[in-house]
Amino acid sequence: MTTNSVLYETPGPQAKRRSLIGSAVVGLALAGVLAWVLVRLGTQGQLTAEKWGPVLNPADGTFTALWSLLGRGLANTAAAAALAMVFSLVIGTLLAVTRLVSAPWYRWIVVGVVEVLRGVPVVIAIFFAARVLPEFGLQLPTLWFLVIGLTAYNSVIIAEIVRAGILALPKGQSEAAYAIGLRRGQVLTTVLLPQAFRAMMPALISQLVVIVKDTSLGFIIAYVDVLRQAQVIIQNLNNPIQMFFVVGVLFIVINYALSRVATYTERRLSRGRKGSTVVTAEVD
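Please read all numbers here as calculations on a predicted model, not as lab measurements.

(A) Region of the structure containing the packing of aromatic side chains. A complete count under the given rule lists three aromatic pairs for this structure. Taken together, a centroid distance of 5.8 Å and an interplanar angle of 80° make the contact between Trp 52 and Phe 245 edge-to-face. Pair noted here: Trp 52 is in helix H2 (residues 49–56) and Phe 245 is in helix H11 (residues 240–283), with a separation of 193 residues, a long-range link. Looking at Phe 245, the relative accessible area reads 49%, which means it is partly exposed.

(B) Expanded view of helix H9 (residues 201–214). The first and last C-alpha atoms of H9 sit 20 Å apart over 14 residues, in line with the 20 Å expected at 1.5 Å per residue. Every buried residue belonging to H9 is among Met 201, Leu 204, Ile 205, Gln 207, Leu 208, Val 209, Ile 211, Val 212 and Asp 214, and all of these are buried.

(C) Geometry of the pattern of salt bridges. On inspection of all chains with the given rule, the structure shows four salt bridges. Arg 163 serves as the salt-bridge partner of Glu 160, at 3.1 Å between the closest nitrogen and oxygen. Residue Glu 160 and its partner Arg 163 are both found in helix H6 (residues 142–167); the two are separated by three residues, about one turn of the helix. Accessibility expressed as a relative area gives 14% for Glu 160, which makes it buried. Within the structure, one salt-bridge network assembled from shared partners comprises Arg 99, Glu 115, Arg 118, Glu 160 and Arg 163.

(D) Fine view of the side chain of Asn 154. Checked against the element boundaries, Asn 154 lands in helix H6. For Asn 154, a relative accessible area of 0% puts it in the buried group. Only 2.6 Å separates the side chain of Asn 154 from the side chain of Gln 207, close enough to count as a polar contact. Leaving out residues up to four positions away in the same chain, Asn 154 has contacts with Ser 88, Gln 207, Val 210 and Ile 211.

(E) Local environment of a nonpolar patch on the surface. Nonpolar side chains collect at one region of the surface, where Val 86, Phe 87, Val 90, Ile 91, Leu 94, Leu 138, Leu 140, Trp 144 and Ile 148 lie side by side and expose about 700 Å² of accessible area between them. Elements that contribute at least two residues to the nonpolar patch include exactly helix H3 (63–101) and H6. By secondary structure assignment, the location of Phe 87 is in helix H3. Of the residues examined, Phe 87 reaches a relative accessible area of 33% and is grouped as partly exposed.

(F) The packing of helix H4 (residues 104–119) against H6, seen in detail. The geometry of H4 relative to H6 is characterised by a closest axis approach of 8 Å and an angle of 120° between their N-to-C directions. Compared by their axis directions, H4 and H6 come out oblique. The element H4 and its partner H6 pack so that their crossing is left-handed. Within the contact between the two elements, H4 uses Val 113, Val 114, Leu 117 and Arg 118 and H6 uses Ala 152, Tyr 153, Val 156, Ile 157 and Glu 160. By residue class, the composition of the contact of H4 with H6 is seven nonpolar, no polar and two charged.

(G) How the structure looks around the nonpolar core. Among the nonpolar cores identified, the biggest contains 35 residues, and Leu 70, Leu 146, Ile 221 and Met 243 are the most heavily contacted of them. If you list the elements that add at least two residues to this core, you get H3, helix H5 (122–131), H6, H9, helix H10 (226–237) and H11. Not counting residues up to four positions away in its chain, the partners in contact with Leu 146 are Ala 80, Ile 126, Thr 215, Gly 218, Ile 221 and Tyr 223. Ala 96, Val 114, Leu 192 and Ala 196 belong to the second-largest nonpolar core, a separate cluster that totals 21 residues.

The rules behind each value
- Residues numbered from 1 in each chain as written.
- Predicted model: local features only at pLDDT ≥ 70, side-chain atom pairs only at ≥ 80, totals over all residues.
- Heavy atoms only, no water.
- Phe/Tyr/Trp six-rings, centres within 6.5 Å; stacked < 30°, edge-to-face > 60°.
- Helix = DSSP H or I, 4+ residues; strand = E, 2+ residues; numbered from the N terminus.
- Buried < 20%, exposed > 50% of the residue type's maximum accessible area, 1.4 Å probe, protein only.
- Expected span 1.5 Å × (residues − 1).
- Salt bridge = Lys/Arg side-chain N within 4 Å of Asp/Glu carboxyl O.
- Polar contact = N/O pair within 3.5 Å; in protein donor to acceptor, adjacent residues only side chain to side chain.
- Contact = heavy atoms within 4.5 Å.
- Patch = residues over 30% accessible without salt bridge, like charges linked within 9 Å, V, L, I, M, F, W, Y side chains within 5 Å.
- Areas by Shrake-Rupley, 256 points an atom, 1.4 Å probe, with all protein chains shown as cover.
- Axes fitted to C-alpha atoms, helices over the stretch in contact; angles between N-to-C directions.
- Parallel < 35°, antiparallel > 145°, perpendicular 65-115°, else oblique.
- Left-handed = near helix turned anticlockwise from the far one by under 90°.
- Nonpolar A, V, L, I, M, F, W, Y, C, P; charged D, E, K, R; others polar.
- Core = buried A, V, L, I, M, F, W, Y, C linked by side-chain atoms within 4.5 Å.

Take a look at the structure:
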């Protein structure tokens, strides 16, 4: 007796029609909500040239000064994010490797550090760095307190991502590396870590995007980032909706660009891996 098992079926005409109707309904609902929001903003005077001119009109007298302030804030945001990304990746990778290779008698120290920092809200980590470290004589620019707080939180998250990527690899990878005479450190650095980073690339990129967004928490320690500059502009121009909209768009553009760079890097790595496989096959 034969049994035909169909796991996936191609949607029929009725299913496609229902999907099309559902998409149209959702699109009309979103358009209706957007229209209602615009009407409400218009009645409250939020769509006037007086509100949007300083942001969009180069002929406006405050346009240059406004974007100069935002530019300096954006540069500070980029500096904090870049430093936090680098330190988080480096320290997170070291924590992951240390946890994997450490002896049982001191592994609990690494696990304890990871669990404690992972459970602390990032805003508390930033505040702790800025308020407690100076009490011990560590006087640093505000930028570094923000970087320390972001790194303390995000490095342990990245450590868990990298550790999960290494543990998810087939055991045959490390066994084959040991079989050809590689030492433990060489197995980790040349065989396991590259594959783990490649496999966990989407999760790593998501965490890097989180770092960029978390730089906005620098306002609690008076770090002059793009959000704090926007608040200064709001106090002078009284246009919070317009300025927060601009800041939101800037963060979206930055994070989208970061995602595109990551996608390009992942494709390049995959292409290089395929190329090396083809070369190896030809040599064999």
